[in-house]
Amino acid sequence: MWDYSDKVKDYFFNPRNAGALTDANAVGEVGSLSCGDALKLMLKVNPETDVIEDAKFQTFGCGSAIASSSALTELIIGKTIAQAKLLTNQDIADFLDGLPPEKMHCSVMGQEALHAAVAAYTGEEVDEDEHEEGALICKCFGVDAGMIERAIRTNKLTTLEMVTFYTKAGGSCASCREPLEELLADINKEMVAEGAIRPEEAYVFGSAPKPKRKKAQGFVIPDAAPAPMPPAQPSAPIQIAMPAAAAPVAVAEAPQPASGLSAAKEAILVSKIIEEMRPTFRRDGGDVELVDMEGSLVLVSLVGACSGCQLAASTLGGIAQKITETLGRPIRVMPVARS
Amino acid sequence: MKDTVLPPVYLDNNATTRVFPEVVEAMLPYFTEQFGNASSIHAFGSEVGGALRQARKSLQKLIGAEFDHEIIFTSGGSESNNTAIRSALQVQPGRDEVITSAVEHPAILTLCDWLEKHEGVTVHRIPVDKLGRLDIDAYRAALSEKTAVVSFMWANNETGTVFPVDGLAELAHEVGALFHTDAVQAVGKLPIDLMSTEIDMLSLSSHKFHGPKGLGALYLRKGTRFRPLLRGGHQERGRRAGTENAPAIIGLGKAAEMTLATMAEDSARMAGLRDRLEKGLVQRIGHCFVTGDPHDRLPNTATVAFEYIEGEAILLKLNQAGIAASSGSACTSGSLEPSHVLRAMDIPFTAAHGAIRFSLSRETTEEEIDRVLDAMPGIISGLREMSPFWSGDGAQPDGFNPAYA
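None of these values were measured; they are calculated from a predicted model.

About the thresholds
Residues numbered from 1 in each chain as written. Chains lettered and ligands numbered in written order. Predicted model: local features only at pLDDT ≥ 70, side-chain atom pairs only at ≥ 80, totals over all residues. Heavy atoms only, no water. Pairing = 2+ DSSP bridges. Helix = DSSP H or I, 4+ residues; strand = E, 2+ residues; numbered from the N terminus. Contact = heavy atoms within 4.5 Å. Axes fitted to C-alpha atoms, helices over the stretch in contact; angles between N-to-C directions. Salt bridge = Lys/Arg side-chain N within 4 Å of Asp/Glu carboxyl O. Buried < 20%, exposed > 50% of the residue type's maximum accessible area, 1.4 Å probe, protein only. 1 Å grid on protein atoms, 1.4 Å probe; cavity = no way out; pocket = protein on both sides within 12 Å on 5 of 7 lines; lining within 4 Å. Points joined across faces, edges and corners; volume = space filled by probe spheres on them. Nonpolar A, V, L, I, M, F, W, Y, C, P; charged D, E, K, R; others polar. Phe/Tyr/Trp six-rings, centres within 6.5 Å; stacked < 30°, edge-to-face > 60°. Right-handed = clockwise from strand over helix to strand, strands pointing away.

A. Layout of the sheet that holds strand 12 (residues 326-327) of chain B. Residues and elements named next belong to chain B. The 4 strands are arranged 9-10-13-12 in an open sheet whose pairing can be described as antiparallel. Looking at strand neighbours, the two that pair on one side only are strand 9 (288-290) and strand 12, the edges of this open sheet. Where strand 12 lies against strand 13 (residues 355-359), 2 bridges are found, and the strand directions are antiparallel. Looking across to strand 13, one finds that serine 327 is bridged to isoleucine 356. The strands that helix 10 (residues 263-284) touches are strand 9, strand 10 (301-306) and strand 13; relative to strand 10, the one it contacts most, it runs at about 10°.

B. Inspection of the pattern of salt bridges at higher detail. All names here are of chain B. Under the defined criterion, the tally for this structure stands at 35 salt bridges over all chains. A salt bridge links arginine 240 to glutamate 79; the nearest nitrogen and oxygen atoms lie 2.7 Å apart. Here the residue arginine 240 occupies a position in the loop between helix 8 (235-238) and helix 9 (246-261), and glutamate 79 occupies one in helix 4 (residues 77-90), the gap between them amounting to 161 residues. An identical accessibility class is assigned to arginine 240 and glutamate 79; each is buried. One salt bridge connects arginine 133 with aspartate 129, and the closest N-O pair in it is separated by 2.9 Å.

C. Inspection of empty space enclosed by the protein at higher detail. All names here are of chain B. Throughout the structure, instances matching the rule amount to 4 cavities of 30 Å³ or more. By volume, the largest cavity is sized at about 160 Å³. Around the largest cavity, the lining comprises 18 residues; the ones closest to its centre are Gly188, Lys189, His210, Met270 and Arg362. Here the element with the most residues in the lining of the largest cavity is helix 10; it accounts for 4 residues. Its residues placed into classes, the lining of the largest cavity shows 5 nonpolar, 9 polar and 4 charged.

D. The packing of aromatic side chains, seen in detail. Residue and element names in this part refer to chain B. Scanning the model with the defined rule gives 9 aromatic pairs over all chains in all. Taking 6.4 Å as the distance between ring centres and 50° as the angle between the ring planes, the aromatic pair formed by phenylalanine 152 and phenylalanine 179 counts as tilted. Pair noted here: phenylalanine 152 is in strand 5 (residues 147-153) and phenylalanine 179 is in strand 6 (residues 178-182), with a separation of 27 residues, a long-range link. Each member of the pair, phenylalanine 152 together with phenylalanine 179, is buried. By way of ring pairs, the aromatic residues Tyr139, Phe152, Phe163 and Phe179 are connected into one cluster.

E. Geometry of the pairing of strand 5 of chain B. Residue and element names in this part refer to chain B. With respect to burial, strand 5 is a largely interior element, 7 of its 7 residues being buried. In this sheet, strand 5 lies alongside strand 3 (residues 97-101) in parallel orientation, the contact comprising 4 bridges. Across the sheet, the residue bridging to glutamate 97 is threonine 147, located in strand 5. Relative to strand 6, strand 5 runs parallel, the two being bridged by 5 bridges. If you follow phenylalanine 152 over to strand 6, its bridge partner there is threonine 181. Of the crossover connections in this fold, the one passing from strand 5 over helix 7 (residues 165-174) to the parallel strand 6 is right-handed.

Set out below in structure tokens:
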């Protein structure tokens, strides 16, 4: 079942403002039975002040459609027409503490019904249909087939890479690669038939190069020998809390340095290793800083692209390996929050 | 509030079933004591081989296979289906057409879409009528010397409608094609005697009849040419590589034994409860109807379509009342299309979106059915009051005209 927020559940099980509003003077209707959701939004607007004094809804749809409709009425009651026009579907989703990506279309339906009702009140033209369409292809970014098709057609996209650049689809976990490839190949085929692109340009299913595997940068030791660093001169921003001699626990945990180096010398070596590896991380848009060293534990903070990166574990593994080799004793590297 | 104190009612047995406690008990020793590989010589696996043989024989009885080696254990119904269709295409060079129905499970339809699109296979999808019955004339017309395999489900997972597979198999053999049936919903619910039919291949799944998940089987009639899907070790006589899932197979055997022992009485009782449920719902709630073929369908499946409301909303309310069911609604699956089965049966959109499937098991009681009958009218009327397509006493055909359709 869907992972609905408590607020979505609350607004579904106890909907506010459900039912017909008999004295409505602005009504917006969107959706249809065939697409599986429909919403009738009824507003009572004060013609003098343009304030929405009351709003009610009737919805045909799933739990999140009903919750979104109810949330919408709560959001707009008391607002002026001009204020209500600024409301976006994201506002509805935020009000409900978020919606599953597959269900974002429910919030879009709310926004559309509002636009239709406002248009009915002011006599404007109704906005073009922005209702989402087609199967949800990329779950990470919530991109559906309709949006991808529009991007491919408008921009004459013929590679998977370009589709990802334009729509973000497939840019994260890439598990939608196969349906994405199929969609691109199908649409390109149609575009060739329509004369929009040349046959040799069209994407052929299965012809995409293998996804480039990002080199696990943490393991890569630069080919060129690192510039010799003046020894015992840790760079300024790095602060090392020395293992306190008075902390017997930490000392007990720490195996005796096999290298016979003092704790301070070890700390200097460690900071040097991390300094040497930093350019590699920076190339990838991240950074790593030494925070502390306690016995066999080296604490670092990951920033930028490194933090939250799925490769963080292997990055840390790379650092640990290098330090272990240098110090000659097992070291664990742990990420910590920046103080 | 008082509903929450009552034990939950599970009426989603076509999705999966509760594993019988006896089945769990039978499986347990094979996790921690007799955990050895059945292929090993030593004592840790010595009893496993015998237990596997026993399980195979129990399943053989349940499906009426002539020989126990006609059973190939797999990871489930989907693997069995994929194996059967791909094998049938590979062993018959020159035949590159598949015939199936429009209402199959995605395990068949998605595979067929792929084969059609990427592997040069022609696929005929035979339509059904409003009761979900196969269009036999269209089937006859599609059969030819090019047909490699025909695959029709034994019983439909959504409506319970049963296809006359034995007759359909004979028709397939007239043109020399192989016949496969996806019997995932039928095994354990209907009496099956494969040796008296012409069916070449049959897929089944353990967790649909109170066995463990992650296990299924492919029945392969003796003498049927075959190409494995998974190659590797010699397991299943070289037809399905991979170390046997011994505890699960033994659990499946126990479940098969228990199911067969009481199938006749269970079926009759379930059918009675199903009828009580259907009649009660139709009597108490207007603007709804039962789908599927009333004359030939599973004893445990009732799919009722409620007009002007959406299935997921009904399910959420049912869940609140402690009742588990499922729907053919679009919203529960994440796609915007309602059930392909109900659409193939030409059930109007107004009702297809609001179709709810109650699937019983032999553990279902009369009291549970009555709880559903008590809960449903309030749920349906509450949601209809919120629906723009509903006007109080019925449909509102012209009152609601959205900006786009």
